[in-house]
Amino acid sequence: MNLPLLGAAWLVLGPLVTADPTRRDPRQLSPARLLLAGALLGIATLYNLKAGILLPVLGLLLLLQARWRGLGQGLVLTLGLLLPWGLTALLFWHAGALEDLIFWNFLLNFKYMDAGVPLWLIDFRRGILYGFPRLLLFLLATSVLWVAAGAALRSPPPDRPARRGVYGIGLWLALSFVPVCMGGRLYGHYFLQLLPPLAVLAAGPLARLYGRPARPVDGATPARRRLLPVAAAIGLLLPVLGLTAA
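Residues numbered from 1 in each chain as written. Predicted model: local features only at pLDDT ≥ 70, side-chain atom pairs only at ≥ 80, totals over all residues. Heavy atoms only, no water.

Chemist: Explanation requested: helix α6 (residues 143-154) in the structure shown.
Modeler: Since the α-helix packs 3.6 residues into each turn, any two residues three or four apart lie on the same face. Compared with an ideal rise of 1.5 Å per residue, which puts 12 residues at 16 Å, α6 spans 16 Å between its outermost C-alpha atoms and is within 8% of the ideal. Turning to α6, its buried residues number three or more, namely V144, L145, A148, A149, A151 and A152. Here the buried residues of α6 occupy an arc of 155° about the axis, which is enough to place them on one side. For α6, the exposed residues set more than 90 degrees away from the buried face come down to V147 and R154. (Helix = DSSP H or I, 4+ residues; strand = E, 2+ residues; numbered from the N terminus. Expected span 1.5 Å × (residues − 1). Buried < 20%, exposed > 50% of the residue type's maximum accessible area, 1.4 Å probe, protein only. Arc of directions from axis to C-beta.)

What follows is the structure, given as structure tokens:
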């Protein structure tokens, strides 16, 4: 799911919000590029419907960038998303299994969510302690990424398109919590959906921390600049060590 999801995000966001203004060219958003981005997003939703949360984020950024033209671009993006689903539906219809496609991908999903446990419910009599412990463990394991992502949102680029892109990725991350928390189960693999926007947001501050581009972290003393990369590396190993132990 995440590989085509990131491909779709890169195809749309790259020409709009890259931090290097010389490489920013909205004219690169041709209908063919938008159709490809939509198709990749559609493939991601074939793996998991929750990936579709990226569509309104990209649509909003296109609308802010080009107003009415952005609306048309969003429609092309949506058409691209529908192409893999149309092909899949055609194949299932040809196999006489269209009803199965609808049931297993849509109807059953909604029933499964409705039968879930509310995130805030803690019922020791039934042994239910679902959402919060798993959520806290995930946040702890990825704490370095969250600190770096927070730094990106707190100090966005001064250039408006790039700043808009940072906030857009932040919105993508925030909206991704909605499908992750639906049903209140919060199994470990649910959190995989949060990793693409989280990693993209964290990349800039972590790159500066490791000297690419070569400029010091704002307000950091020489000793702190030496310790921070070591601490970050240790923190980034937490999920690897935890999952290996589990």
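Chemist: For this particular structure, what's the right way to read the nonpolar core?
Modeler: As a rule of thumb, soluble globular proteins bury nonpolar side chains together. By size, the foremost hydrophobic cluster in this structure holds 46 residues, and its most contacted members are V12, L54 and L206. Counting only elements with at least two residues in this core, the list comes to α1 (2-17), α2 (31-47), α3 (54-94), α5 (131-141), α6, α7 (160-181) and α8 (195-209). Not counting residues up to four positions away in its chain, the partners in contact with L206 are V144, L145, A148 and A232. (Core = buried A, V, L, I, M, F, W, Y, C linked by side-chain atoms within 4.5 Å. Contact = heavy atoms within 4.5 Å.)

Chemist: Would you explain the packing of aromatic side chains in this entry?
Modeler: Between two aromatic rings, the relevant description is the distance of the centres plus the angle of the planes. Under the defined criterion, the tally for this structure stands at five aromatic pairs. The interplanar angle of 50° and the centroid separation of 5.5 Å between the aromatic rings of W85 and F106 together place this pair among those described as tilted. Within this pair, whereas W85 is found in helix α3, its partner F106 is found in helix α4 (residues 98-114), the two being separated by 21 residues in sequence. Taking the relative accessible area as the measure of exposure, W85 reaches 13% and is therefore buried. On the basis of relative accessibility, which here comes to 32%, the residue F106 falls in the partly exposed class. Here the aromatic rings of F138 and F191 are separated by 4.5 Å at their centres, their planes lie at 10°, and the arrangement is stacked. Of this pair, F138 sits in helix α5 while F191 sits in the loop between α7 and α8, and the two are 53 residues apart along the sequence. Note on accessibility: F138 and F191 belong to one class, buried. The ring of W10 carries the charged tip of R33 above its face, separated from the ring centre by 5.7 Å. (Phe/Tyr/Trp six-rings, centres within 6.5 Å; stacked < 30°, edge-to-face > 60°. Lys NZ or Arg CZ within 6 Å of the ring centre and 35° of its normal.)

Chemist: I would appreciate a short explanation of the packing of α6 against α7 in the present structure.
Modeler: To characterise two packed helices, one gives the angle between the axes of the helices and the distance between these axes. Interaxial distance between α6 and α7 falls to 9 Å at its minimum, and their mutual angle equals 135°. One element, α6, and the other, α7, form an angle in the oblique class. In the crossing of α6 with α7, the sense of the turn from one axis to the other is left-handed. Along its contact with α6, which presents W146, A152 and L153, the element α7 presents V166, Y167, G170, L173 and F177. Classifying every residue of the contact of α6 with α7 by side-chain character gives seven nonpolar, one polar and no charged. (Axes fitted to C-alpha atoms, helices over the stretch in contact; angles between N-to-C directions. Parallel < 35°, antiparallel > 145°, perpendicular 65-115°, else oblique. Left-handed = near helix turned anticlockwise from the far one by under 90°. Nonpolar A, V, L, I, M, F, W, Y, C, P; charged D, E, K, R; others polar.)

Chemist: It is not clear to me how α4 should be interpreted in this structure. Could you clarify?
Modeler: Across its 17 residues, α4 extends 24 Å between first and last C-alpha, which sits within 8% of the 24 Å expected from 1.5 Å per residue. Its axis deflected by about 35° at W104, α4 carries its strongest bend there. (Bend = angle between axes of the 7 residues up to and from the residue.)

Everything listed here is a matter of coordinates, which is why it stays silent on function.
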